[in-house]
Amino acid sequence: MSETLSWTAARRIALRAQGMGAARRSRMPQPAASRNAMLRALQHTHLFQIDSVNVFARAHHLPVYTRSGIWDPAALDRAVRPGPHRALREGLAHEAAYTDIDVHDLLAFRRHATSQRDWGVIREIAENLESSPELFTRIAQALRELGPSSAAAVSRHLGDTERGEGWGWRRTASQWAVEYLFRSGALDCVGRNAQFERLYVPVPLPPAPEPAAPDAEAADEATAIRQLVARAARSLAIAEIDSLADYFRLRIGQVRPAVQDLLEAGELLEAEVSHPAGPRTMLLHREAPRPSPLRTAALVSPFDPIVFHRPRLKTLFDVDYRIGIYTPAAQRTTGYYALLFLLDDLLPARVDLRADRARGVLEVRGTYREPLPHLTGRRRPAEERVLEALAEELGRAARWQDLTRIEVRTGEGTGELAAPLAEVITAR
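Residues numbered from 1 in each chain as written. Predicted model: local features only at pLDDT ≥ 70, side-chain atom pairs only at ≥ 80, totals over all residues. Heavy atoms only, no water.

Trainee: What should I look at first to understand helix α10 (residues 173–183) in this one?
Mentor: An α-helical segment advances 3.6 residues per turn. Residues three or four places apart therefore align on the same side. Of all 11 residues making up α10, 9 are buried, and the element is well covered by its neighbours. Taken as a whole, α10 has its buried residues at Ala 173, Ser 174, Gln 175, Ala 177, Val 178, Glu 179, Tyr 180, Leu 181 and Phe 182. The positive-phi residue at the C-terminal boundary of α10 is Gly 185, with phi of around 95 degrees. (Buried < 20%, exposed > 50% of the residue type's maximum accessible area, 1.4 Å probe, protein only. Helix = DSSP H or I, 4+ residues; strand = E, 2+ residues; numbered from the N terminus.)

Right, dumping it as structure tokens:
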């Protein structure tokens, strides 16, 4: 018999499985405490999705802040460097992401698949450049001479300056080759430079293994996928199969056998969630945390695992989210890069933030109430409580980014909560 959960219980389980509910720091801790906060978050998430937008804070820095409060992101930079204390590897997991070492190892089948796949751009390089047969060797040699370097630096070192036509990813032949080598596992990313470009080094080649039989190779991939799905299921705790697949960007067809295995092993259980729009059958992890009430207030990145699968965000939290950075300015309804605001187990608001570092100001360019269409008025938090908690959280966010003032824009297009938030912050 499947378990029955209330909608509220499902949200609480999801949040606690992601590491929410602990006390959050309001001041910058010592380096060891920042590393520990990062590792605790990583135990719950297994990954930090990377995004280059730095209008407030980078997306891969926010999950630790959301769970633990103020921390020093330099701990992440150190954790990516090779050595005995390395805790993170960059790769393609949920898009580009920093993952724990185990997940990076489990995704080896994806890198192997890339190495065996015919990239059209690489084929064109081979057909059009006389030097292309030696291009991979020349790139490895360049990196040995330069040390950790970006694809652009390698390209300049090789004298390769011819970029493709048109707009978008206009890369040189050697830059495309570097990207291919990284995705196929021949290059390791050991950090980012000031321009947020990956810094690469060659991966030492192990002794060539005996060619595996196709059946054995498929079995190894299936085993890795099962372990990845098990990690996603534990991290989400309550989810539908499409959310489990999305966590590490696996295909539904790859995930179904793993889910069936986990159900048969009792690691996953079917649960009926009593959603106001009708019951939803979801998958509950057997080690899911208890749905005890949360007392928390935190900003949440749109690329946080709590919310990055938009259908699950809509089902569990009643929030329909579309990020503004991919939307033409005239069509944006909640700003450029709005962060969701978590209060207890609800997401009652979102804010569009910008850090004006030259002036030391955290700009709140928009403050928007979430419609939460399935949540009855009795269950909604009072607006006064939302505004007070949000004002306090914005103060913490400003301190984290070393900003000294908060400015709240009001007027047309800034949202229903902008004017009352400005009053609360002015009065503090």
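Trainee: It is not clear to me how the packing of helix α15 (residues 383–400) against helix α16 (residues 418–427) should be interpreted in this structure. Could you clarify?
Mentor: Two quantities define a packed helix pair, namely the angle between the helix axes and the distance between the axes. Where α15 meets α16, the closest approach of the two axes is 9 Å, and the angle between their N-to-C directions is 60 degrees. The orientation of α15 with respect to α16, classified from their angle, is oblique. Of the two elements, α15 crosses α16, and the hand of that crossing is right-handed. Here α15 contributes Glu 383, Leu 387, Glu 388, Leu 390, Ala 391 and Leu 394 to the contact with α16, which in turn contributes Pro 420, Leu 421, Val 424 and Ile 425. Looking at the contact of α15 with α16 residue by residue, the class counts come to 8 nonpolar, no polar and 2 charged. (Axes fitted to C-alpha atoms, helices over the stretch in contact; angles between N-to-C directions. Parallel < 35°, antiparallel > 145°, perpendicular 65-115°, else oblique. Left-handed = near helix turned anticlockwise from the far one by under 90°. Contact = heavy atoms within 4.5 Å. Nonpolar A, V, L, I, M, F, W, Y, C, P; charged D, E, K, R; others polar.)

Trainee: Sorry if this is basic, but what is going on with the sheet that holds strand β2 (residues 47–49) here?
Mentor: Strand pairs in the sheet, formed through backbone hydrogen bonds, run parallel or antiparallel to each other. Strand order in the open sheet made by the 3 strands is β2-β4-β3, with antiparallel pairing throughout. The open sheet has two free edges, formed respectively by β2 and β3 (88–93), since each of these has just one partner strand. Neighbour-to-neighbour, the strand axes of the sheet open up by a mean angle of 30 degrees, direction not taken into account. Running over the sheet, helix α2 (residues 31–45) touches β2, β3 and β4 (95–100) and is turned about 95 degrees from β2. (Pairing = 2+ DSSP bridges.)

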